[in-house]
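Structure assessment
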Amino acid sequence: MPDTVLDQAFFARPALVVARELLGKYLVRSGAGVTMVARIHETEAYIGPHDLACHAAKGHTPRTAVMFGPAGFWYVYFIYGIHWMLNVVTEAEGYPAAVLLRGAGEWHGPARLTKAMSIDRQLNGQPAAVSSGLWIEDRGDAVPRRQIRRTPRIGVDYAGDWAAKPYRFVLSPDRPAASRRQLSGPRGLS
DNA sequence: GCAGTGATCATA
DNA sequence: ATGATCACTGCC
C-alpha cells in the first residue's frame, strides 16, 4: 500500500474517532531542506463546546477561531510562556473540536514534540497538507486494538467531570503473550 | 515538590 | 490597564 496523506475527510469526523485512528500514523515535517518523520503514539480528543476541557468551551475568540473552521487545519497555541501545542481540527466546519498530538517518534510530551519539529505559531491555521510543510501520512501499518490504551487527559483537572473522561489514547508496545503456565501458575512471590 | 515564562481573556 | 489562568517541562 502506498503512503497516503490524510485528507480532510479523515479529520472531518468526531474527535474521539480521529484521536484513536491517529495512533500509528506518521507526522511528517518538511522545511529548510530537511524532512522529519515520527510515528504518532499519544493523542487527546477535545470533543466540542460542551467539553469543559476544550478551549472552545470558552466560546469563539481570536485564539479558538481555527477550531471553529473546517477540519484538517492546525490549531497551534502557546502555553505557560514557553511551549507550543499542536492540534488538528476535527468535525464539521462550525463545530469546534480538535485532537492534541502529545507524542510521536522518540518524543514524549506535546511541547517536546513541537520543539523537536520546529512547530510554532506560523503553522496555526495552516492546512495539514504537504503545502504547509506539516502533514500526516498513513503508511499502511495498522495498529491492533490491544495496543491502544485509554486514560483521562493530562493537565485538565480544572474541567470538573470532563477531566475524568478517557479521552487520551496511547499506543503501547505489545506485551509478550503470557504462556499457559504463566496464566495458570502462582502469582509472583515478590 | 515548584518556578519559569508570556499570550490570552475577563474585568474595569 | 491589570490580574488570573494556563491541554508543560525541567530542575529541586
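Residues numbered from 1 in each chain as written. Chains lettered and ligands numbered in written order. Predicted model: local features only at pLDDT ≥ 70, side-chain atom pairs only at ≥ 80, totals over all residues. Heavy atoms only, no water.

Moving on: the overall build of chain A. Helix and strand counts for chain A come out as four helices and 10 strands. Listed by position from the N terminus, the elements making up chain A come as β-α-α-β-β-β-β-β-β-α-β-β-β-α. At 18 Å, chain A has a C-alpha radius of gyration in line with the 16 Å of a compact globule built from 190 residues. Per-residue burial over chain A gives 45% buried out of 190 residues. Pairs at least 24 residues apart make up 61% of the contacts formed inside chain A by residues separated by at least 6 positions. Here chain A has roughly 10,400 Å² of accessible surface; of this, 54% comes from carbon and sulfur atoms. In chain A, 23 side chains carry a positive charge and 16 a negative one; their mean positions are 8 Å apart. (Helix = DSSP H or I, 4+ residues; strand = E, 2+ residues; numbered from the N terminus. Rg over C-alpha atoms; globule rule 2.2 N^0.38 Å. Buried < 20%, exposed > 50% of the residue type's maximum accessible area, 1.4 Å probe, protein only. Contact = heavy atoms within 4.5 Å. Areas by Shrake-Rupley, 256 points an atom, 1.4 Å probe, with all protein chains shown as cover. Lys, Arg positive; Asp, Glu negative; His and termini not counted. Charge placed at Lys NZ, Arg CZ, Asp CG, Glu CD.)

For the structure shown, the criterion picks out eight salt bridges. Here Asp 3 ties to Arg 139 by a salt bridge, and the two come within 3.5 Å at their closest N and O atoms. Linking Asp 3 in the segment before β1 (4-5) with Arg 139 in the loop between β8 (134-138) and β9 (148-151), this pair joins segments that are 136 residues apart in sequence. Relative accessible area serves as the criterion here: at 44%, Asp 3 is assigned to the partly exposed category. Residue classification places Arg 139 among the partly exposed residues on the basis of a relative accessible area of 32%. (Salt bridge = Lys/Arg side-chain N within 4 Å of Asp/Glu carboxyl O.)

Here we take up helix α2 (residues 15-22). Along α2, the positions that sit buried rather than exposed are Ala 15, Val 18, Ala 19 and Leu 22. For α2, the buried positions fall inside an angular range of 100° around the axis, keeping them on one side. Tucked inside the fold, the buried residues of α2 contact α1 (8-11), β3 (34-46), β5 (83-89), β6 (98-104), β8 and β10 (168-171). Trailing α2 by a residue or two, Gly 24 shows a phi angle of about 90°, which is positive. (Arc of directions from axis to C-beta.)

Close contacts around DNA strand B come from Thr 61, Pro 62, Arg 63, Phe 78, Tyr 80, Gly 81, Ile 82, His 83 and Arg 121, and that covers them all. Within the side chain of Thr 61, a nitrogen or oxygen atom sits 2.3 Å from a phosphate oxygen of DNA strand B. Its residues placed into classes, the surface near DNA strand B shows four nonpolar, three polar and two charged. (Near = heavy atom within 4 Å. Polar contact = N/O pair within 3.5 Å; in protein donor to acceptor, adjacent residues only side chain to side chain. Nonpolar A, V, L, I, M, F, W, Y, C, P; charged D, E, K, R; others polar.)

Bringing the layout of surface pockets into the picture now. Within this model, the largest pocket holds a volume of roughly 420 Å³. Along the walls of the largest pocket sit 24 residues, with Tyr 77, Met 85, Leu 100, Ile 154 and Gly 155 positioned nearest its centre. Here the lining of the largest pocket is composed, by residue class, of 16 nonpolar, five polar and three charged. Size it by volume and the second largest pocket reaches roughly 210 Å³. What lines the second largest pocket is simply Arg 20, Glu 21, Leu 23, Gly 24, Lys 25, Asp 138, Gly 140, Asp 141, Ala 142, Val 143, Arg 145 and Ile 148. Taken together, the residues of the lining of the second largest pocket break down into four nonpolar, two polar and six charged. (1 Å grid on protein atoms, 1.4 Å probe; cavity = no way out; pocket = protein on both sides within 12 Å on 5 of 7 lines; lining within 4 Å. Points joined across faces, edges and corners; volume = space filled by probe spheres on them.)

A few words on the packing of aromatic side chains. Taken as a whole and judged by the stated rule, the model has four aromatic pairs. We note Arg 13 situated over the ring of Phe 10; from NZ or CZ to the ring centre the distance is 4.7 Å. Of note, Lys 165 hangs over the ring of Trp 162, and the distance from its end group to the ring centre comes to 4.9 Å. (Phe/Tyr/Trp six-rings, centres within 6.5 Å; stacked < 30°, edge-to-face > 60°. Lys NZ or Arg CZ within 6 Å of the ring centre and 35° of its normal.)

Time to look at the environment of Val 76. Examined against the element boundaries, Val 76 turns out to sit in strand β4 (residues 74-79). You can call Val 76 buried: its relative accessible area is 4%. Between the C-alpha atoms of Val 76 and Gln 126, which are 50 residues apart in sequence, the distance is 9.4 Å. Those residues in contact with Val 76 that sit more than four places away from it in its chain are Trp 84, Met 85, Leu 86, Ile 119, Asp 120, Arg 121, Leu 123 and Asn 124.

Turning our eyes to something else, we now look at the protein's contact with DNA strand C. Near DNA strand C, the surroundings consist of 19 residues, among which His 55, His 83, Asn 87, Arg 112 and Tyr 158 are the closest. Here the atoms of DNA strand C within 4 Å of the protein split so that 60% fall in sugar or phosphate, with bases taking the remainder. Between DNA strand C and the protein, one listed contact pairs a base nitrogen with a backbone N or O atom of Ala 53 at 3.3 Å. Interatomic distance of 3.1 Å between a backbone N/O atom of Pro 110 and a phosphate oxygen of DNA strand C. Breaking the surface near DNA strand C down by element, the ones donating at least two residues are β4, β5, β6 and α3 (110-116). When the residues that make up the surface near DNA strand C are grouped by side-chain class, the tally is 12 nonpolar, five polar and two charged.

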